[in-house]
Amino acid sequence: MPATGSRRSALMDALREAIRSGRLAPGTRLPPYRALAADLGIARNTAADAYAELVAEGWLTARQGSGTTVAERAEPVPPTRARRSSRPPRPAHDLRQGQPDAAAFPRTAWLAAGRRALTAAPNEAFGPGDPQGRRELREVLADYLARARGVRTDPDRIVVCSGFAHALRLLFDGPRAVLPARTAGPLAVEGYGLAFHRGLLAAAGATTRPLPLDEPGARGGGLAEDPEIRTALLTPAHQFPTGGPLHPGRRAAVVDWARGRGGLVLEDDYDGEFRYDRQPVGALQGLDPERVVYLGTASKSLSPALRLGWMVLPDHLVDRVLAAKGEREAWASALDQLTLAEFIDSGGYDRHVRRMRRRYRDRRDRLVGALAEHAPHIEVTGIAAGLHAVLRLAPGTERSVLKAAAYRGLVLDGLADYRHPLLAAEAMPATDGLVVGYATPPDHAYPAALEALCAILPPPL
């Protein structure tokens, strides 16, 4: 049997709802609490207390000799139309790039790391934080990045941010931007890349100029030929989305360009830890820490839900980035930072990356095997690293293949979506293709996604 307090709360909720909906209009007289208690089979004090509390809240009015009535100000809330969700329905088969397998997040190990981190955290960790990021995380990151990515840094040159887009905004956007468009000049970017990043830069007032790509990566000749360019944004470990690391000669050339021009290279270490044919290619930043800004995140290795990233900065930019970040609000959660620091320091992060590297390599091999069996005429590129592959299509077929994919409930991207709008055809001819994210589906959904993919591929010419 529910306690008296529960009955009182239930009665109050029922009366509030009746008033809100208009079933009890303003001015309506309610039965005396004794009669109501008898009708409902509850104690008189329970009904009396419910009336008294609703009077105190302003729902009811009680006057000596006039009984209890619904307050005149208690207007019913008109019904609202159901809002349509702005999110598209979940696709039947999801092969979008850039997303790890959400089901593979190491929940148990992350929870254990969080418990250890919170137990050991000093009291000041629960107060106002440091815009540079928790010292514990920066120290662990300095060691990890040196060991795993060949980054040369120390904790004082690392600034924790909320992801790659946040890092770009700190560098280019706002009144305290580190590289304001009005003085920094145009930004060189790879001819194929994320339109979201180009849009973010354009919104900040930055102009981007595309560098053509070939098998060895971005062709850096345009950097030297254009005296206005002082900054370049590159994905040296694994060009996104076409695939492949930047050739060693071109890596050296772009660093030499930055030194000679007094410029900067922004290194997006996209998929840097997921290399399948050999050890991961070391970071470009190791060649010159004063001319390369290294940008990394936990989005692909762990989850984009964490919103944790890091900037490894030349010494002369640290204070400017912190000034752009400000003293409050634009910080990643200190508790998530402490947990990630413990997760890395305890070896949990390395174990997770090794496990996911094996899983994603198996996903890649199953994709390649399915194509070899059902569509051997389709060329697959960019498969030495990362979480996606590019399927080359015959000229003029990309759009029709995407329409066929949509009809089957298969979501994936066309290569044309990533091409810079100013990339001239004579500098780099357009190529039809599909960008297939093989990391996205959970294990049980992957076979059906591959079957749907093979079904929409065009036959050989």
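Here, every reference points to the structure presented above.
In what follows, the accompanying structure is described.

About the cut-offs
Residues numbered from 1 in each chain as written. Predicted model: local features only at pLDDT ≥ 70, side-chain atom pairs only at ≥ 80, totals over all residues. Heavy atoms only, no water. Helix = DSSP H or I, 4+ residues; strand = E, 2+ residues; numbered from the N terminus. Rg over C-alpha atoms; globule rule 2.2 N^0.38 Å. Buried < 20%, exposed > 50% of the residue type's maximum accessible area, 1.4 Å probe, protein only. Contact = heavy atoms within 4.5 Å. Areas by Shrake-Rupley, 256 points an atom, 1.4 Å probe, with all protein chains shown as cover. Lys, Arg positive; Asp, Glu negative; His and termini not counted. Charge placed at Lys NZ, Arg CZ, Asp CG, Glu CD. Pairing = 2+ DSSP bridges. Patch = residues over 30% accessible without salt bridge, like charges linked within 9 Å, V, L, I, M, F, W, Y side chains within 5 Å. Salt bridge = Lys/Arg side-chain N within 4 Å of Asp/Glu carboxyl O. Axes fitted to C-alpha atoms, helices over the stretch in contact; angles between N-to-C directions.

Quick look at the overall build of the protein chain
Secondary structure summary: the protein chain contains 15 helices and 18 strands in total. A globule of 461 residues ought to have a C-alpha radius of gyration of about 23 Å, yet the protein chain, at 30 Å, is considerably larger. Each principal axis of the C-alpha distribution contributes one length, and for the protein chain these read about 95 × 55 × 45 Å. Counting all 461 residues of the protein chain, 50% fall into the buried class. Contacts spanning at least 24 positions in sequence make up 74% of the contacts within the protein chain whose residues lie at least 6 apart. In the form shown here, the protein chain has an accessible surface area of approximately 22600 Å², with 52% of it arising from carbon and sulfur atoms. The distance from the centre of the 60 positive side-chain charges to the centre of the 52 negative ones in the protein chain is 5 Å.

With respect to the pairing of strand S6 (residues 187-190)
Along S6, one buried face is formed by Leu-187 and Val-189 and the opposite face, lined by Ala-188 and Glu-190, is buried too. Pairing analysis gives 3 bridges linking S6 to strand S10 (residues 231-234), with the strands arranged parallel. Bridge pairing in S10 places Leu-187 opposite Thr-231.

Comments concerning a nonpolar patch on the surface
There is a patch of nonpolar side chains on the surface, built from Leu-118, Phe-126 and Leu-335 and spanning about 270 Å² of accessible area. Tracing the backbone through its elements, the reader meets Phe-126 in the loop between helix H4 (107-120) and helix H5 (135-149).

A short note on the sheet that holds strand S12 (residues 292-297)
Strand order in the open sheet formed by 7 strands is S5-S13-S12-S11-S10-S6-S7, and the pairing between neighbours is mixed. A single partner strand is all that each edge strand has here, and the edge strands are strand S5 (158-161) and strand S7 (208-211). Averaged over all pairs of adjacent strands, the angle between strand axes in this sheet comes to 20°, irrespective of strand direction. Across 4 bridges, strand S11 (residues 264-268) lies against S12 in parallel orientation.

Focus on the environment of Ala-125
Structurally, the position occupied by Ala-125 is in the loop between H4 and H5. In the structure, Ala-125 is positioned 137 residues away from Gly-262 in sequence and 39 Å away in space, judged by C-alpha atoms. Excluding anything up to four places from it in sequence, Ala-125 contacts Arg-134, Ala-334 and Leu-338.

A few points about the pattern of salt bridges
As enumerated under the stated definition, the model contains 27 salt bridges in all. Between Arg-209 and Asp-226 there is a salt bridge; the shortest N-O distance is 2.3 Å. Of the two residues, Arg-209 is situated in strand S7 and Asp-226 in the loop between helix H9 (221-225) and S10; the sequence distance between them amounts to 17 residues. What makes Arg-209 partly exposed here is its relative accessible area of 28%. Assessed through its relative accessible area of 16%, Asp-226 is described here as buried. Among the salt bridges present, the one from Asp-362 reaches Arg-366, with a minimum N-O distance of 3.6 Å. Residue Asp-362 and its partner Arg-366 are located together in helix H13 (residues 348-374), separated by 4 residues, close to a single helical turn. With a relative accessible area of 31%, Arg-366 lands in the partly exposed category. Overlapping salt bridges bring together Asp-130, Arg-135, Arg-138, Glu-139 and Asp-156 as one network.

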